[in-house]
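Coordinate analysis (summary)
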Amino acid sequence: MGLDFVGQGAAETDGNIITTTIDKVVNWGRKNSLWPMPFGTACCAIEMMATLASKFDLSRFGSEAIRFSPRQSDLLIVSGRISIKMMPVLKRIYDQMPDPKWVISMGACASCGGVFDTYTLIQGVDQFIPVDVYIPGCPPRPEDLIDAVLQVQQKITSGASPKGVESVYE
Amino acid sequence: MSEENQVEEEPKPLVLEKLEANHADALLAQDESRGTVVVVIHKAQAYAVLEYLKTDPELAYTFLVDVTAVDNSQMESELMQFDYARFMVVYQLYSYQGQGRLRVKVPVHENDLSIPSVTGLWQGANWLERETYDMFGINFDGHPDLRRILMPDDFDGHPLRKDYPLRGRGERERFNFDKQNV
Ligand code: SF4
């Protein structure tokens, strides 16, 4: 399950008691139940939907509880082109998510504007919100998104702070 | 052999016949493009002609498919053709009475960017004209709500004009989060 034991109580107590630290238990819980806030604005969102559906099944990794309210989520998946009119909305949604929160920038467009080097497109959402994991590809395959979620999980297990919330574990 | 090569003269489309009979002075040019009749109309009579096209029982172009514009400022020959009119407002019409498609073009000069709104004829023109205003800066007189529809309200300029730089004028790097009503 990914919960590291700190003490060695297992042998002495027939495995009925384990000792660990609060941080580890909390992180273990967080990691296995990330609630994503989908921000799908273009074709990448189609792959995100496929990731969530039965064939790829993101719920195997505990992240199937998609919330359409940012106040109930801790993982923002930006999948698609973000225009200059949409960016303030995205920023507002990010701000509404409770800490700690993680951000995945999915696809070339969200990460750097992709092929749309035009007047209306944000050339990378990381100019305005902190991004934890970038996914390359146009569009990335669902496996790539799953991999990104696993990377976020790894980050949580390691105790590292999310990009945007540097002080949360201090 | 020679008879076989001869192309049979198509009968003149009804819409051209009727326009020539009723609005000959408004008709600047006529053309045909891949089976669609194209007519260029003088701006002063644009509303009257469009109204005629819609209400005439035989023509009955009741469906306004699209309203858009073309910036010809980088096509000298096009500009010359209609007395240096930079823009061409394009109405795409469809008739269910068997007349099919019709494209109506109206030259608009840069120094007078207003043209009558056709929202009174086709309700659907509302958002189409807003888009044309947003992208080209054409002012539709009598439009009930002529605001930008695609770009943010505080956007400067009209991005589909040929003199608008593709990468913009720095809008995508600097914009005000507070100013926009989120
Ligand atoms: S990266 Fe490709 S697939 Fe994804 S939103 Fe951009 S164009 Fe669409």
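Residues numbered from 1 in each chain as written. Chains lettered and ligands numbered in written order. Predicted model: local features only at pLDDT ≥ 70, side-chain atom pairs only at ≥ 80, totals over all residues.

**Topic: the overall build of chain A**
- A count of helices and strands for chain A gives 6 helices and 4 strands.
- Partitioning the contacts of chain A with sequence separation of at least 6, the portion at a separation of at least 24 is 75%. (Helix = DSSP H or I, 4+ residues; strand = E, 2+ residues; numbered from the N terminus. Contact = placed C-beta atoms within 7 Å.)

**As for the sheet that holds strand β5 (residues 100-108) of chain B**
All names here are of chain B.
- One open sheet holds the 5 strands; their spatial order is β1-β2-β5-β4-β3, and the pairing between them is mixed. Across the chains shown, the open sheet's two edge strands, defined by having one partner strand only, are β1 (27-33) and β3 (63-71). Between one strand axis and the next, the sheet turns through 20 degrees on average, direction left out of account.
- As judged from the 9 bridges shared by strand β4 (residues 87-95) and β5, these two strands associate in the antiparallel manner. By the bridge assignment, Ser-95 is partnered in β5 with Gly-100.
- Most of the contacts of helix α5 (residues 125-136) go to β3, to which it runs at about 5 degrees, and overall it touches β3 and β4. (Pairing = 2+ DSSP bridges. Axes fitted to C-alpha atoms, helices over the stretch in contact; angles between N-to-C directions.)

**Here we look at the pairing of β5 of chain B**
Residues and elements named next belong to chain B.
- Bridge count for strand β2 (residues 36-41) against β5 is 4 bridges, and the pairing is parallel. Bridge assignment links Val-39 to a residue of β5, and that residue is Val-104.
- Connecting β4 to the antiparallel partner β5 that follows it, the hairpin turn spans 4 residues, and Gly-98 within it adopts a positive phi of roughly 95 degrees.

**Some thoughts on the site of the ligand**
All names here are of chain A.
- Every residue close to the ligand is listed here: Ala-42, Cys-43, Cys-44, Gly-80, Arg-81, Gly-107, Ala-108, Cys-109, Gly-114, Cys-138 and Pro-139.
- Broken down by element, the residue count for the shell around the ligand peaks at 3 residues, all from helix α5 (residues 107-112).
- Of the residues that constitute the shell around the ligand, the class distribution is 7 nonpolar, 3 polar and 1 charged. (Near = placed C-beta within 6 Å. Nonpolar A, V, L, I, M, F, W, Y, C, P; charged D, E, K, R; others polar.)

**Things to note about the sheet that holds strand β1 (residues 36-40) of chain A**
Residue and element names in this part refer to chain A.
- Reading across the sheet, the 4 strands line up as β1-β2-β3-β4 and stay open at both edges, with parallel pairing between neighbours. The sheet is open, and its two borders are formed by β1 and β4 (133-135), each paired with just one other strand. When strand polarity is set aside, the average angle formed by the axes of neighbouring strands in this sheet is 15 degrees.
- Both β1 and strand β2 (residues 75-79) contribute to a ladder of 5 bridges, which runs parallel. Looking at the pairing, Gly-40 lines up with Ser-79 of β2.
- On top of the sheet, helix α6 (residues 142-158) reaches β2, β3 (102-106) and β4; it is set at about 170 degrees to β4, its chief contact.

**Considering α6 of chain A**
- Given a rise of 1.5 Å per residue, 17 residues ought to cover 24 Å, and the 24 Å separating the end C-alpha atoms of α6 of chain A matches this to within 8%.
- Looking at the packing, one finds that the buried side of α6 of chain A touches α2 (22-32), α3 (44-52), β2, β3 and β4 of chain A. (Expected span 1.5 Å × (residues − 1).)

**Things to note about the nonpolar core**
Residues and elements named next belong to chain A.
- Core analysis: the largest hydrophobic core is formed by 37 residues, its most contacted members being Leu-76, Val-78, Ile-104, Met-106 and Val-152.
- When contributions to this core are tallied by element, the ones reaching two or more residues are β1, α3, β2, α4 (87-96), β3, α5, β4 and α6.
- Here the element with the most residues in this core is α6; it accounts for 5 residues.
- In this structure, Val-152 is in contact with Leu-34, Leu-75, Trp-102, Ile-104, Asp-132 and Val-133, ignoring residues within four places of it in sequence. (Core = buried A, V, L, I, M, F, W, Y, C linked by C-beta atoms within 7 Å. Buried ≥ 20, exposed ≤ 12 C-beta atoms within 10 Å, placed from the backbone.)

**Some words on the domain arrangement of chain A**
Residue and element names in this part refer to chain A.
- For chain A, the assigned domains are domain 1 (1-32) and domain 2 (35-158).
- Each of domain 1 and domain 2 was reduced to a C-alpha centroid, and the two centroids are 31 Å apart.
- Along the lines of polarity and charge, the residues of the side of domain 1 that touches domain 2 split into no nonpolar, 3 polar and 2 charged. (Domains from an automatic or database assignment.)

**Observations concerning unusual backbone geometry**
- In this structure, Pro-100 of chain A follows Asp-99 of chain A across a cis peptide bond, with omega equal to -10 degrees.
- Examined against the element boundaries, Pro-100 of chain A turns out to sit in the loop between α4 and β3.
- Residue Cys-138 of chain A is joined to Pro-139 of chain A through a cis peptide bond whose omega torsion reads -10 degrees.
- Among the secondary structure elements, Pro-139 of chain A is positioned in the loop between β4 and α6.
- In this structure, Asp-83 of chain B takes a positive phi of about 60 degrees despite not being glycine.

**Points about the interface of chain A and chain B**
- Of the residues lining the interface, 13 residues belong to chain A; the matching set on chain B comes to 12 residues.
- When the residues that make up the side of chain A that touches chain B are grouped by side-chain class, the tally is 6 nonpolar, 3 polar and 4 charged.

**A short note on the environment of Gly-35 of chain B**
Residues and elements named next belong to chain B.
- Considering the arrangement of structural elements, one finds Gly-35 in the loop between β1 and β2.
- Exposure remark for Gly-35: the 7 C-beta atoms within 10 Å place this residue in the exposed category.
- On a C-alpha basis, the gap between Gly-35 and Gly-98 in space is 13 Å, while along the polypeptide they are 63 residues apart.

**Observations regarding the environment of Ala-125 of chain B**
Residues and elements named next belong to chain B.
- Residue placement: Ala-125 occurs in helix α5.
- Sequence separation of Ala-125 and Ile-149 is 24 residues, and the distance between their C-alpha atoms is 13 Å.
- Ala-125 has contacts with Leu-64, Val-67, Ser-117, Val-118 and Thr-119, leaving out every residue within four places of it along the chain.

**Remarks on the packing of α2 of chain A against α6 of chain A**
Residues and elements named next belong to chain A.
- At a minimum axis separation of 8 Å, α2 and α6 run at an interaxial angle of 170 degrees. Taken together, the axis directions place α2 and α6 in an arrangement best described as roughly antiparallel. For the pair α2 and α6, contact is made by Asn-27, Arg-30 and Lys-31 and by Gln-153, Ile-156 and Thr-157, respectively.
- Here the residues of the contact of α2 with α6 are counted per class, giving 1 nonpolar, 3 polar and 2 charged. (Parallel < 35°, antiparallel > 145°, perpendicular 65-115°, else oblique.)

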